[in-house]
Amino acid sequence: PAVPDAGTLSRVWAEKASYSPFEPIVVHFTNADALSDIDWVGFFLAGDPHPSYLDLIYQRHVTDRSVTYDADLAEGVYNMRLFWDDSYTLEPSNVFVVE
């Protein structure tokens, strides 16, 4: 997978830059907060504000992981965002396309 900028301490990214509609999306993240009770990755239409997530994946006490998200996403440009401790404190984000 193409890892985003290594200057970012925590990272989240899709395994591919482009997916087909309704194709499962492999999500990778690294250096998340292992001490946090609940970190989460939210899926957004690109440009939408944080409370407007389409779906999310919760992670508990995990720093590095890959998960498969069974996407129900139609064509569009999306953004996945990593948040710490069940908050809207944004860590990194990554854009991917469904086409």
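As a starting point, this report considers the structure included with it. Source: prediction; values computed, not measured.

Reading the values: rules and limits
- The residue numbers shown here count from 1 along each chain, following its written sequence.
- Residues qualify for local features only when their pLDDT is at least 70, as the model is predicted, and side-chain atom pairs are given and counted only at 80 or more; totals for whole chains, interfaces and linings, by contrast, use all residues.
- No hydrogens and no water enter the side-chain calculation; it runs on all heavy atoms of the structure.
- The numbering of helices and of strands both runs from the N terminus, where a helix is a DSSP run of H or I of at least 4 residues and a strand a run of E of at least 2.
- Buried residues are those whose accessible area, probed at 1.4 Å on protein chains only, stays under 20% of the maximum for their type, while exposed residues exceed 50% and partly exposed ones sit between those limits.
- Residue contacts are defined here by distance: any two heavy atoms, one from each residue, within 4.5 Å place the two residues in contact.
- Working definition of accessibility: Shrake-Rupley area with a 1.4 Å probe, residue cover restricted to the visible protein chains.
- Stacked, tilted and edge-to-face pairs are distinguished by plane angle, under 30 degrees for stacked and over 60 for edge-to-face with tilted covering the rest, among Phe, Tyr and Trp rings (Trp via its six-membered ring) whose centres lie within 6.5 Å.
- In this analysis the charged atom, NZ for Lys or CZ for Arg, is taken to sit over a ring once it is within 6 Å of the ring centre and within 35 degrees of the ring normal.

### Remarks on the overall build of the protein chain
Thinking step 1. Along the backbone of the protein chain there are 0 helices and 8 strands.
Thinking step 2. Reading the helices (α) and strands (β) of the protein chain from amino to carboxyl end gives β-β-β-β-β-β-β-β.
Thinking step 3. Burial status across the protein chain gives 38% buried among its 99 residues.
Thinking step 4. The long-range share in the protein chain, meaning contacts at least 24 apart out of those at least 6 apart in sequence, stands at 56%.
Thinking step 5. Carbon together with sulfur atoms contributes 52% to the accessible area of the protein chain, which is approximately 5,200 Å² in total.

### Examining the side chain of His28
Thinking step 1. Looking at the element boundaries, His28 is found in strand β3 (residues 25-30).
Thinking step 2. A relative accessible area of 10% places His28 in the buried class.

### Side note on the packing of aromatic side chains
Thinking step 1. One pass over the full model with this rule turns up 10 aromatic pairs.
Thinking step 2. Taking the centre distance of 4.4 Å and the plane angle of 20 degrees together, the rings of Trp40 and Phe83 count as stacked. Taken together, the positions of Trp40 in strand β4 (residues 39-45) and Phe83 in strand β7 (residues 76-83) put the pair 43 residues apart, joining distant regions of the chain. Here Trp40 and Phe83 have matching classes, each one buried.
Thinking step 3. Relative to Tyr88, the ring of Phe83 lies with its centre 5.9 Å away and its plane at 85 degrees, an arrangement referred to as edge-to-face.
Thinking step 4. Put simply, the rings of Tyr19, Phe43, Tyr69, Tyr78 and Phe96 touch in pairs and so form one group of aromatic residues.
Thinking step 5. The lysine or arginine in question, Arg81, covers the ring of Phe44, its NZ or CZ lying 3.8 Å from the ring centre.

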